[in-house]
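Report on the structure
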Amino acid sequence: MYSIKYRKLIFSQLRRYFLAIQSPYEDWKGLKKDHALEWGQIKATTQNWGFEIGDKNNPTEIELANNNNHPLKIWTTNNKGRKYLKINQQYHYGAEKDQNNVKVAVWFYHSIYIMQEIMISYEKIKNYKFDTEEQKFFEYINESINRFDNLKISKNQHNRIYSWMEEEIKNMSKISLDMSWCFTGKKSETPFAEACNEVLDHYLILIKKNDNKTICGTITKKELIKILPQPLNDKQPANIEINEQNIYIEEIINRYYLTNNLFDQTSKNIKNIEIYKSSNLENNYEELERVYKKKQRVEQSQLRAKYFDNDSSNIDCAVCGRSMNKRFVWMAHLKPRKSCTKIEKKDLNVVIPMCKFGCDDLYEEGHIYIDDGIVKKNNFKSSNLFTKAMLDYVSEITGNKVKYWDGYEFKGFITNGLKRKRYCTYHYEKNR
Ligand SMILES: [Zn+2]
């Protein structure tokens, strides 16, 4: 019923999705020459794929259901006696030159997101000290995802994912970066390798159901284990045949394939649909929460980068004045973020660093407020909302002059106390 092929997504593979970036680094240039996905060794292709596979001049084509009518081209190669199976993904020479090649938009989309996860974890491992090149790359990834989000594309609108990808390839080809930092040995213990190990837990998959076209996508290890009838073997790309209807596989297919036949009684029985629907809802909730948290982390990281150079991993809290490691400092909104207009969200004066040891929460909850740059206790808050320990803390910071308030020079901008005052007034009015 299902024929599934999967292989572990390794970092050197993921990196290939970014090869449109210009880099003077020799290894990077070298990669551009060969940019096909390697799907293991040739041996037993007929067993694994069910048919003979042609060579580079005569590639075999597989029709994909979710790839904008661009078939996947597969061919065999013979490199110094080692025989490999390759899958075309030539897209990074620039979209204009590449009209006839296969473009695997769905894999591209996932790669950008996975790379963002890696960069978030890398930044943390590096103690929030990215160098300029790393910061630029991270910014590119974040902007690319913002552009995707702004287009409001759902995962099964493949034509639109495809167009977004083409634009991204053009954008990438306009930037030049030294990418040497993302070359890391398999067993090396660099911070970057550590970040990759922490995040990379994904498999590329191809699923074919009955005689339908193939779906291509990614799944996590946890999901893969759920659908496998046998224990997972990481070492080799593998293929499996499953002969019974399987709700987990259906779930994955549905993620990538616009189905209008959810209520088609001929293909599924009602019980399966019910299970499918409820498990899908749970996943969506988890997914939404995960996406929300990730967005918050990215935004915080971007704000911190705009305020502070990366040469120190510590920041002074604006309210209590104590120096804290960056990961314990939150770029707090003086006016609640959800009440900010689009323009206000972009104003760097709306945020200020506050520590997670109390200041950030006390401000957010309205227990303290800022009056013209001075920290004050909010006496409108009922006294039973304060314990002795809290009162001690608040009296300690009351009267403090807020750091970075006005005329404080950061990279490329100077803080503006008048603007800050407006945001703080809004906050105070809301908490009276
Ligand atoms: Zn503080």
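These figures come from a predicted structure and were not determined experimentally.

1. Structural notes on the sheet that holds strand β8 (residues 238–242)
The four strands lie next to each other as β7-β6-β1-β8, forming an open sheet whose pairing is antiparallel. The sheet is open, and its two borders are formed by β7 (214–220) and β8, each paired with just one other strand. Strand-to-strand, the axes of this sheet are offset by a mean angle of 25 degrees, without reference to chain direction. As defined by bridge partners, strand β1 (residues 2–8) adjoins β8 across five bridges and the pair is classed as antiparallel.

2. Concerning empty space enclosed by the protein
Counting across every chain of the model gives two cavities of 30 Å³ or more. If you add up the space inside the largest cavity, you get close to 40 Å³. The greatest single-element share of the lining of the largest cavity, amounting to three residues, is contributed by helix α10 (residues 270–307). Considering only residue class, the lining of the largest cavity consists of three nonpolar, two polar and three charged.

3. Details of the packing of aromatic side chains
On inspection of all chains with the given rule, the structure shows 31 aromatic pairs. With a centroid separation of 6.1 Å and an interplanar angle of 75 degrees, the aromatic rings of Tyr6 and Tyr203 are classed as edge-to-face. Note that Tyr6 is positioned in strand β1 and Tyr203 in strand β6 (residues 202–209), a separation of 197 residues in sequence. Ring geometry for Phe108 versus Trp164: centroids 5.6 Å apart, planes at 70 degrees, classification edge-to-face. Pair noted here: Phe108 is in helix α4 (residues 105–125) and Trp164 is in helix α6 (residues 158–173), with a separation of 56 residues, a long-range link.

4. Focus: the coordination of the zinc ion
For a metal with four donors in a tetrahedral arrangement, the ideal angle between donors is 109.5 degrees, while six donors in an octahedron ideally sit at 90 or 180 degrees. The protein atoms that coordinate the zinc ion are Cys317 (SG), Cys320 (SG), Cys355 (SG) and Cys359 (SG), at distances of 2.3 Å. Note that the zinc ion binds four donor atoms; their angles at the metal cover 102 to 118 degrees, and the shape is tetrahedral. When the donor residues of the zinc ion are listed from N- to C-terminus, their spacing reads C-x2-C-x34-C-x3-C. In this pair, Cys320 is assigned in the loop between β9 (314–316) and β10 (323–325) and Cys355 in strand β12 (residues 351–355), connecting sequence segments 35 residues apart.

5. Observations regarding the sheet that holds strand β2 (residues 37–41)
The sheet built from four strands is open, its strands ordered β2-β5-β4-β3 with antiparallel pairing. Each of the sheet's edge strands pairs with one partner strand only, and the pair in question is β2 and β3 (60–62). Across the sheet, the mean angle from the axis of one strand to that of its neighbour is 30 degrees, orientation sign disregarded. Summarising the sheet, β2 and strand β5 (residues 82–87) pair through three bridges and their orientation is antiparallel. Bridge pairing links Leu37 to Ile87 in β5.

6. Quick look at the pattern of salt bridges
This structure, assessed with the given rule, holds 14 salt bridges. One salt bridge in this structure joins Arg337 and Glu299, with 2.6 Å as the shortest N-O distance. Placement of the pair is Arg337 in the loop between β11 (329–333) and α11 (342–346) and Glu299 in helix α10, with a sequence separation of 38 residues. The partly exposed category is assigned to Glu299, whose relative accessible area is 22%.

7. A look at the packing of α4 against helix α7 (residues 191–199)
Running from amino to carboxyl end, α4 crosses α7 at an angle of 130 degrees, the nearest separation of the two axes being 8 Å. In terms of orientation, α4 lies oblique with respect to α7. α4 and α7 meet at a crossing whose hand is right-handed. Contacts between α4 and α7 involve Ile114, Glu117, Ile118, Met119, Ser121, Tyr122 and Ile125 from the first element and Pro191, Phe192, Glu194, Ala195, Cys196, Glu198 and Val199 from the second. Of the residues contributing to the contact of α4 with α7, the split by class is ten nonpolar, one polar and three charged.

8. Digging into helix α13 (residues 388–397)
In an α-helix, one full turn covers 3.6 residues, which means residues spaced three or four apart are oriented alike. Among the residues making up α13, those that are buried are Tyr393, Val394 and Ile397. When α13 is viewed along its axis, its buried side chains cluster within an angular range of 95 degrees and face the same direction. For α13, the exposed residues set more than 90 degrees away from the buried face come down to Lys388, Ser395 and Glu396. The inward-facing, buried residues of α13 contact β12, α12 (359–364), β13 (368–371) and β14 (374–377).

What counts as what
Residues numbered from 1 in each chain as written. Predicted model: local features only at pLDDT ≥ 70, side-chain atom pairs only at ≥ 80, totals over all residues. Heavy atoms only, no water. Pairing = 2+ DSSP bridges. Helix = DSSP H or I, 4+ residues; strand = E, 2+ residues; numbered from the N terminus. Axes fitted to C-alpha atoms, helices over the stretch in contact; angles between N-to-C directions. 1 Å grid on protein atoms, 1.4 Å probe; cavity = no way out; pocket = protein on both sides within 12 Å on 5 of 7 lines; lining within 4 Å. Points joined across faces, edges and corners; volume = space filled by probe spheres on them. Nonpolar A, V, L, I, M, F, W, Y, C, P; charged D, E, K, R; others polar. Phe/Tyr/Trp six-rings, centres within 6.5 Å; stacked < 30°, edge-to-face > 60°. Donors = N, O, S within 2.8 Å, 3.2 Å for Na, K, Ca; no water. Tetrahedral: all angles 85-135°; square planar, octahedral: opposite > 155°, others 65-115°. Salt bridge = Lys/Arg side-chain N within 4 Å of Asp/Glu carboxyl O. Buried < 20%, exposed > 50% of the residue type's maximum accessible area, 1.4 Å probe, protein only. Parallel < 35°, antiparallel > 145°, perpendicular 65-115°, else oblique. Left-handed = near helix turned anticlockwise from the far one by under 90°. Contact = heavy atoms within 4.5 Å. Arc of directions from axis to C-beta.

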